[in-house]
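Residue-level structural notes
In case you want the letters, here they are:
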Amino acid sequence: MSSPSRESIAAQFLSTYGRAPAVVARAPGRVEFIGNHTDYNGGAVLGAAIDRYVWVAAAPNAQGRLRLFSVGGKSVLELPSDPGARITGPDSWANYPLGVWRSLKDFGLPQPASFDLLVDSDLPPGAGLSSSAALELATALALLKLAGKADLPADRLAALGRHAENQYVGVPCGILDQGTSAFGQAGHLVHIDCRGPAFARVPFPANAHLWIFNTREKHALIDGFYATRNQECLDAAKALGVAFLADLTPAQLAAKIGALSPALAKRAKHIVEEHARVRDTVEALRRGDLAAVGRLLTASHRSSQHLFENSTPALDLLVDLLAAHPAVLGARLTGGGFGGAVMALTKDNFTAADAAGIARVHRAAHGREPEMIHLQAADGAMLLG
Ligand code: GLA
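Residues numbered from 1 in each chain as written. Predicted model: local features only at pLDDT ≥ 70, side-chain atom pairs only at ≥ 80, totals over all residues. Heavy atoms only, no water.

Concerning the site of the ligand
Among the 15 residues in the neighbourhood of the ligand, the closest are listed as E32, H37, D39, D177 and Y226. With respect to the ligand, the side chain of E32 contributes an N or O atom lying 2.5 Å from an oxygen atom. Between the ligand and Y226, the relevant distance is 2.6 Å, taken from an oxygen atom to a side-chain nitrogen or oxygen of the residue. The protein chains hide 99% of the 310 Å² of surface that the ligand would expose on its own. Where the shell around the ligand is concerned, the elements lending two or more residues are β1 (23-34) and α5 (176-183). (Near = heavy atom within 4 Å. Polar contact = N/O pair within 3.5 Å; in protein donor to acceptor, adjacent residues only side chain to side chain. Areas by Shrake-Rupley, 256 points an atom, 1.4 Å probe, with all protein chains shown as cover. Helix = DSSP H or I, 4+ residues; strand = E, 2+ residues; numbered from the N terminus.)

Below you can see the structure in the form of C-alpha cells.
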C-alpha cells in the first residue's frame with residue numbers, strides 16, 4: 001500500500017471536487033500495547049500511536065451541501081443536509097465523519113455549515129489498528145479549522161471522537177483509541193488511566209521493535225461481539241457491587257467471585273488481572289526489564305484467549321509462533337479482538353525474513369498470508385495546513 005502525502009491528498013481532492021482543499025489533517029492509528037478491554041472498565045491501558053494514518057482534506061461547499069469521498073471508493077456521497085439516521089450499506093463509513101460533525105455541536109464547538117471532504121489512508125481497515133478513531137480525529141481537526149478554530153486540547157479532541165463513535169456510530173468503545181491517536185508522541189507509549197481519563201507518555205523501550213501481523217480476518221466492532229463483552233463486564237461489576245471491575249484487586253475479586261456465573265467470572269478475572277498487568281508493564285518499562293515486559297504481553301494474550309474469549313485460532317497460532325521465536329519478547333492480540341491483528345514486541349535482531357517465516361507457517365495452517373508491518377511509535381493527530 002503506498003502512503004498518501006499532503007501533496008497526494010491535495011491532488012486527489014482537486015480531481016474529485018475541482019479545487020484545492022482549504023485544510024488537510026492527519027491522525028495516526030494505534031496499537032493497544034497492553035490493556036485489553038480495560039478502558040471501559042475504569043482501568044488503565046498503554047497504547048502507541050503508529051506511523052500509519054488517516055488523512056482528511058476538506059473545503060467549504062458553496063451549495064450548502066455535505067459531500068464525502070473515500071479514495072478507492074466508487075462515487076462521492078452527496079447529502080443535501082444532515083441525514084439524521086445512520087447510513088447503512090457501502091456508504092456507512094460516512095457515519096464517522098458525519099458523527100464528528102454532529103458532535104461538534106454537542107460539544108458547543110463551531111460547526112461548518114457545509115463541506116466537501118476527502119479521506120485517504122494507509123491503515124489497513126478492520127485490522128484492529130483504529131482506523132475509525134483516526135478518521136474521527138482527522139475529521140474533527142479539519143472541520144474545526146473550516147469553522148475557524150485552529151486547535152483543540154488533545155483531551156477534548158479524544159473525548160469528541162469517542163462521543164461520535166458512541167452516539168452516532170453505535171459502538172460503546174472506551175477512550176483507548178481516540179486517546180492514543182490524540183496524545184501519541186514519536187518514541188513513546190501513551191498511558192491512559194481511563195477513569196479520569198488522565199493521559200501520560202512513557203518512553204518506548206530502546207532496542208525493541210513493534211511488529212504487526214494482520215490476520216486479514218474481518219474484525220468489526222460494530223458486529224456486536226464488542227457490545228456483548230462490554231455488557232457482560234457491566235453486569236459482572238453490578239453483581240459484585242462496584243462501579244467498575246477495575247475497582248477490585250485480584251484478591252478482592254477472588255473473595256467475591258462465587259457471586260458470578262462461570263462466564264462472567266472469566267470476564268471479571270481477565271479485566272482485574274489485565275489492569276494489574278498494565279501497572280506491572282509500566283514498572284518493567286521504567287526499570288528497562290524487557291524480558292518482563294514481553295512475558296506480560298504474552299500473558300495478556302493468554303488471558304484474552306482463555307478468559308475474555310475474544311481471540312480466534314488464527315490469532316492464537318500467530319502468538320504461539322511468535323512467542324516461541326528467540327528474537328521475540330512477547331506477542332498478543334491488539335484491540336477489540338474477534339479477528340484483526342497480533343502485535344509483537346521484538347528484539348533488534350528480529351528480521352523481515354523471520355517475519356516472513358512466521359507468515360509462511362501461518363499461511364499453511366489458515367490459507368491466508370498475514371500482512372506484516374514494522375511500525376514506529378508516532379506523533380498524534382495534527383493539522384497539516
Ligand atoms: C477497541 C475499542 C477500545 C478498547 C479496545 C479493547 O479498540 O475501541 O475502546 O476497548 O477495543 O481494549
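Next comes the rest of the write-up.
Structural notes on the domain arrangement of the protein chain
As a measure of interface size, the accessible area lost when the parts come together is often cited. We note that the domain assignment places domain 1 (6-203 + 379-383) and domain 2 (209-375) within the protein chain. The distance between the C-alpha centroids of domain 1 and domain 2 comes to 25 Å. Of the roughly 3,100 Å² buried between domain 1 and domain 2 on both sides combined, carbon and sulfur atoms contribute 66%. One can count two salt bridges joining domain 1 with domain 2. A salt bridge links R195 to D247; its shortest N-O distance comes to 2.1 Å. Put simply, domain 1 and domain 2 have 17 residue pairs in polar contact (both at pLDDT 80 or more) between them. (Domains from an automatic or database assignment. Buried area = accessible area lost by both parts, 1.4 Å probe. Salt bridge = Lys/Arg side-chain N within 4 Å of Asp/Glu carboxyl O.)

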